[in-house]
Amino acid sequence: MIPIFEQYPLLKQRIPYVQLGEFPTPIRHLKHLGKEIGSDYLYLKDDGLSGQIYGGNKIRKLEFLLGDAFRKGAKEVLTFGFAGSNHALATAVYAQKLGLKSISILLAQPNAQYVRRNLLLSHVCGAEIYHFKNERAAYIPTTIMLLRKKLKQGKFPYIIDPGGSSRLGTIGYVNAGFELREQVVRGLVPEPDKVFVALGTMGTAVGLTIGLKAAGLKTRVVSVRVADVKYANKEKFVKLFQKTLALILSLDSSFPRIEISDHEVDIRHDFFGGQYARFTEQGMAAVKLLAKSEGIRLEGTYTGKTMAALIDQVRGHGIRNEVILFWNTYNAIDFSDAIKGIDYHQLPRRFHQYFEEDVQSLDEHYSE
């Protein structure tokens, strides 16, 4: 049984859920990296190993979202992201596992090797993918497509918010907070003073903030912004916190009525790099350092920037005795065999550019 359902049985009865992942995910003591940067208590929670087919942070959210789609009798799910979206890929992978068709509305982004791999696996999973320059360009064609689906099938596809960060999807990381408490109780990790996590669509960070507070941990969530500030900011963070908590309380009034103040929302803005998915020197240096010291793979869009913020915090503030937990949200499952031999020309023509144009310079000499 998952921790939040074990503690609040009413939620188990009232929240849709389907098991997709492998939990709890492991915790590692990063002794070598800690010695390198000056931290005695540096740990990693590896959600990269959250699934057998494909890992990362999205599986926790999809267990609730696809559970809801399944309960409502959906045949198709539709979601949104950028061309290399890990969320869109995870949705395609696990929708296929449940016998659902996946549709992805994807926007242009800076090119990278992971974009190519993710697009190929989405294709292998039978995803219907569409590429647009930006949100404005996608709006009318997506609306028309939805109307056609409704006319043809009698119902709209089940809509999943970008990143799975709706109030229902966010509950996946509320549960993760309770999972971490269990690991603290079992002695697998000291109670963290800080948890560093990437901040994109915010569901992971918001869910963790609720879960850790409700579980009675003192741990402070440090969110490292990796998306444009119009998507990831303090006001939207608090709003998603309140909406998610309100949903949980409407289903089980015994859940703690926690609160959050503005000063508790700790968002680091200095590691974004000016554009979504644009790699940074600091981020890639952090990626290489973790790979060299611990043999753990990160990437340049989310986790590399988050690790860069953590390293900067430790080196700049001399917090050797603080317990710091890095929450790895990047898939660690090798799916190269699944896409081996797939010709990118099988993808819709608008995606060919990601295979025919160079990747961004900071990604050129880095093999993930």
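Description of the structure in this document. Keep in mind it's a predicted model, so treat the numbers as computed, not measured.

With respect to the side chain of S293
Along the polypeptide, S293 turns up in helix 11 (residues 281-294). By relative accessible area, which is 18% here, S293 ends up buried. At 2.8 Å, the side chain of S293 forms a polar contact with the backbone oxygen of L289. Residues in contact with S293, not counting those within four places in the same chain, are H32 and L33.

Concerning the pattern of salt bridges
Following the criterion strictly, the structure yields 14 salt bridges and no others. Across the salt bridge formed by E128 and K101, the nearest N and O atoms sit 3.6 Å from each other. Of this pair, E128 sits in strand 5 (residues 128-132) while K101 sits in strand 4 (residues 101-107), and the two are 27 residues apart along the sequence. When the shortest N-O distance is used, the salt bridge between R220 and D266 registers 3.6 Å. With R220 in strand 8 (residues 220-225) and D266 in strand 9 (residues 266-268), this pair connects stretches of sequence that are 46 residues apart. Owing to a relative accessible area of 31%, R220 belongs among the partly exposed residues under this scheme. Three or more residues are tied together by salt bridges with common partners; here these are K45, D47, R60 and E179.

Details of helix 6 (residues 113-124)
Taking 1.5 Å per residue as the helical rise, helix 6 with its 12 residues ought to reach 16 Å, and the 17 Å between its terminal C-alpha atoms agrees with that figure. What helix 6 keeps buried is the set Y114, V115, N118, L119, L120, L121 and S122. At the exit of helix 6 stands G126, carrying a positive phi of roughly 80°.

Section: the nonpolar core
By size, the foremost hydrophobic cluster in this structure holds 118 residues, and its most contacted members are L66 and F255. Counting residues per element, this core draws most heavily on helix 10 (residues 234-251), which supplies nine residues.

Some thoughts on a nonpolar patch on the surface
A surface patch of nonpolar side chains, about 340 Å² in accessible area, is lined by Y139, I140 and I144. By the secondary structure assignment, Y139 is in helix 7 (residues 135-153).

Some thoughts on the side chain of N111
Mapping N111 onto the fold places it in the loop between strand 4 and helix 6. A polar contact of 2.9 Å, which involves the side chain of N111, links it to the backbone oxygen of Y354. Sequence-distant contacts of N111, that is, excluding residues within four places in its chain, are made with R116, Q353, Y354, E357, D358, V359 and Q360.

What about the packing of helix 5 (residues 86-97) against helix 6?
Two numbers describe how helix 5 lies on helix 6: the axes approach to 9 Å, and their chain directions differ by 20°. Judged on the interaxial angle alone, helix 6 and helix 5 are roughly parallel. Our pair here, helix 5 against helix 6, has a crossing hand that is left-handed. Where helix 5 approaches helix 6, its residues N86, L89, A92, V93 and Q96 are matched on the opposing element by N118, L121, S122 and V124. When the residues that make up the contact of helix 5 with helix 6 are grouped by side-chain class, the tally is five nonpolar, four polar and no charged.

Notes on the packing of aromatic side chains
Given two aromatic rings, their pairing is described by the distance between the two centres and the angle made by the two planes. For the structure shown, the criterion picks out 11 aromatic pairs. Relative to F255, the ring of F178 lies with its centre 6.2 Å away and its plane at 55°, an arrangement referred to as tilted. Of this pair, F178 sits in helix 8 (residues 167-185) while F255 sits in the loop between helix 10 and strand 9, placing them 77 residues apart in sequence. Assessed through its relative accessible area of 1%, F178 is described here as buried. On the numbers, 4.8 Å between centres and 0° between planes, the contact of Y344 with F355 is stacked. Of this pair, Y344 sits in the loop between helix 13 (336-339) and helix 14 (353-356) while F355 sits in helix 14, placing them 11 residues apart in sequence. For the pair shown, Y344 and F355 are each scored as buried.

With respect to unusual backbone geometry
Geometrically, the link from F23 to P24 is a cis peptide bond, its omega value of 0° lying close to zero. Secondary-structure assignment places P24 in the loop between helix 2 (9-14) and strand 1 (27-29). Even without glycine at this site, M202 takes up a positive phi of about 80°. On the secondary structure map, M202 appears in the loop between strand 7 (194-199) and helix 9 (203-214). M202 gets classed as buried once you look at its relative accessible area, which sits at 6%. A positive phi angle, close to 70°, is found at A277, a residue other than glycine. Mapped onto the elements of the fold, A277 is located in the loop between strand 9 and helix 11. A277 gets classed as buried once you look at its relative accessible area, which sits at 0%.

Side note on a positive patch on the surface
Together, R167, K236, K239 and K243 give the surface a local cluster of positive charge. Residue contributions to the positive patch peak at three residues, all from helix 10. The class of R167 is partly exposed, set by a relative accessible area of 42%.

What counts and what doesn't
- Residues numbered from 1 in each chain as written.
- Predicted model: local features only at pLDDT ≥ 70, side-chain atom pairs only at ≥ 80, totals over all residues.
- Heavy atoms only, no water.
- Helix = DSSP H or I, 4+ residues; strand = E, 2+ residues; numbered from the N terminus.
- Buried < 20%, exposed > 50% of the residue type's maximum accessible area, 1.4 Å probe, protein only.
- Polar contact = N/O pair within 3.5 Å; in protein donor to acceptor, adjacent residues only side chain to side chain.
- Contact = heavy atoms within 4.5 Å.
- Salt bridge = Lys/Arg side-chain N within 4 Å of Asp/Glu carboxyl O.
- Expected span 1.5 Å × (residues − 1).
- Core = buried A, V, L, I, M, F, W, Y, C linked by side-chain atoms within 4.5 Å.
- Patch = residues over 30% accessible without salt bridge, like charges linked within 9 Å, V, L, I, M, F, W, Y side chains within 5 Å.
- Areas by Shrake-Rupley, 256 points an atom, 1.4 Å probe, with all protein chains shown as cover.
- Axes fitted to C-alpha atoms, helices over the stretch in contact; angles between N-to-C directions.
- Parallel < 35°, antiparallel > 145°, perpendicular 65-115°, else oblique.
- Left-handed = near helix turned anticlockwise from the far one by under 90°.
- Nonpolar A, V, L, I, M, F, W, Y, C, P; charged D, E, K, R; others polar.
- Phe/Tyr/Trp six-rings, centres within 6.5 Å; stacked < 30°, edge-to-face > 60°.
- Lys, Arg positive; Asp, Glu negative; His and termini not counted.
- Charge placed at Lys NZ, Arg CZ, Asp CG, Glu CD.

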